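# Survey of secondary and tertiary structure
What follows is each chain in one-letter form.
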Amino acid sequence: GENLISVRTPGYRYIQYPDGSEELYHLVNDPYEWQNLANVPGNQEIIDAHKKHIPGTFMKEFPGVRRN
């Protein structure tokens, strides 16, 4: 959806929600994404590296497109 983004690299998955909340998962150690590492001290550099891939603007959804 608009302003909802997920960025995945070989080691991590970063998610940013429209309200500004974040999730970060270490995919090697936690492949089922149970432990959110976004608020763990020392992970800001990893988060910032993933944020570089987030677009500044998002395309609007097309009218009539059904989302599950």
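Worth saying up front: this structure is predicted, and the values here are computed from it rather than measured. (Residues numbered from 1 in each chain as written. Predicted model: local features only at pLDDT ≥ 70, side-chain atom pairs only at ≥ 80, totals over all residues. Heavy atoms only, no water.)

## Examining the overall build of the protein
Let me state the cut-off plainly: Helix and strand labels come from DSSP, where a helix needs a run of H or I of at least four residues and a strand needs a run of E of at least two; each type is numbered from the N terminus. For every residue, the accessible area (1.4 Å probe, protein chains only) is compared with the maximum for its type, and the residue is labelled buried under 20%, exposed over 50%, or partly exposed between those bounds. Residues are treated as being in contact if the distance between any of their heavy atoms lies within 4.5 Å. We get accessible surface area from the Shrake-Rupley algorithm with a probe of 1.4 Å; when it comes to residues, only the shown protein chains can shield them.
Per the secondary structure count, the protein includes one helix and three strands. Starting at the N terminus and ending at the C terminus, the protein contains elements arranged as β-β-β-α. With 68 residues in all, the protein has 26% of them scored as buried. Counted over contacts in the protein with a minimum sequence separation of 6, partners at least 24 positions apart contribute 28%. Accessible surface computed for the protein: about 5,300 Å², of which carbon and sulfur atoms make up 51%.

## A short note on the pairing of strand β3 (residues 22–26)
Let me state the cut-off plainly: Being paired, for any two strands, means DSSP has found at least two bridges between them.
Of all the five residues making up β3, four are buried; the element is thus mostly covered by neighbouring parts of the structure. The sheet contact formed by strand β2 (residues 12–16) and β3 spans five bridges and is antiparallel. Looking at the pairing, I15 lines up with E23 of β3. Between β2 and β3, which pair antiparallel one after the other, the connecting turn spans five residues, and G20 there sits at a positive phi close to 95°.

## Here's the deal with the pattern of salt bridges
Test applied: Salt bridges are defined by distance alone: a side-chain nitrogen of Lys or Arg within 4 Å of a carboxyl oxygen of Asp or Glu.
One pass over the full model with this rule turns up two salt bridges. Linking R13 and E33 is a salt bridge whose minimum nitrogen-to-oxygen distance equals 3.5 Å. With a gap of 20 residues between them, R13 in strand β2 and E33 in the loop between β3 and α1 (44–51) connect regions that are remote in the sequence. The shortest N-O distance in the salt bridge between K51 and E22 comes to 3.1 Å. Highlighted residues: K51 in helix α1 and E22 in strand β3, separated in sequence by 29 residues. With relative accessibility at 32%, the residue K51 sits in the partly exposed group.

## A short note on the confidence of the model for the protein
Condition: The predictor attaches a confidence to each residue, called pLDDT, with possible values from 0 through 100.
Counting all residues, the mean pLDDT for the protein is 87, and 79% of those residues have values of 70 or more. The spread of mean pLDDT over the elements of the protein runs between strand β1 (residues 5–8), the lowest at 90, and β3, the highest at 97.

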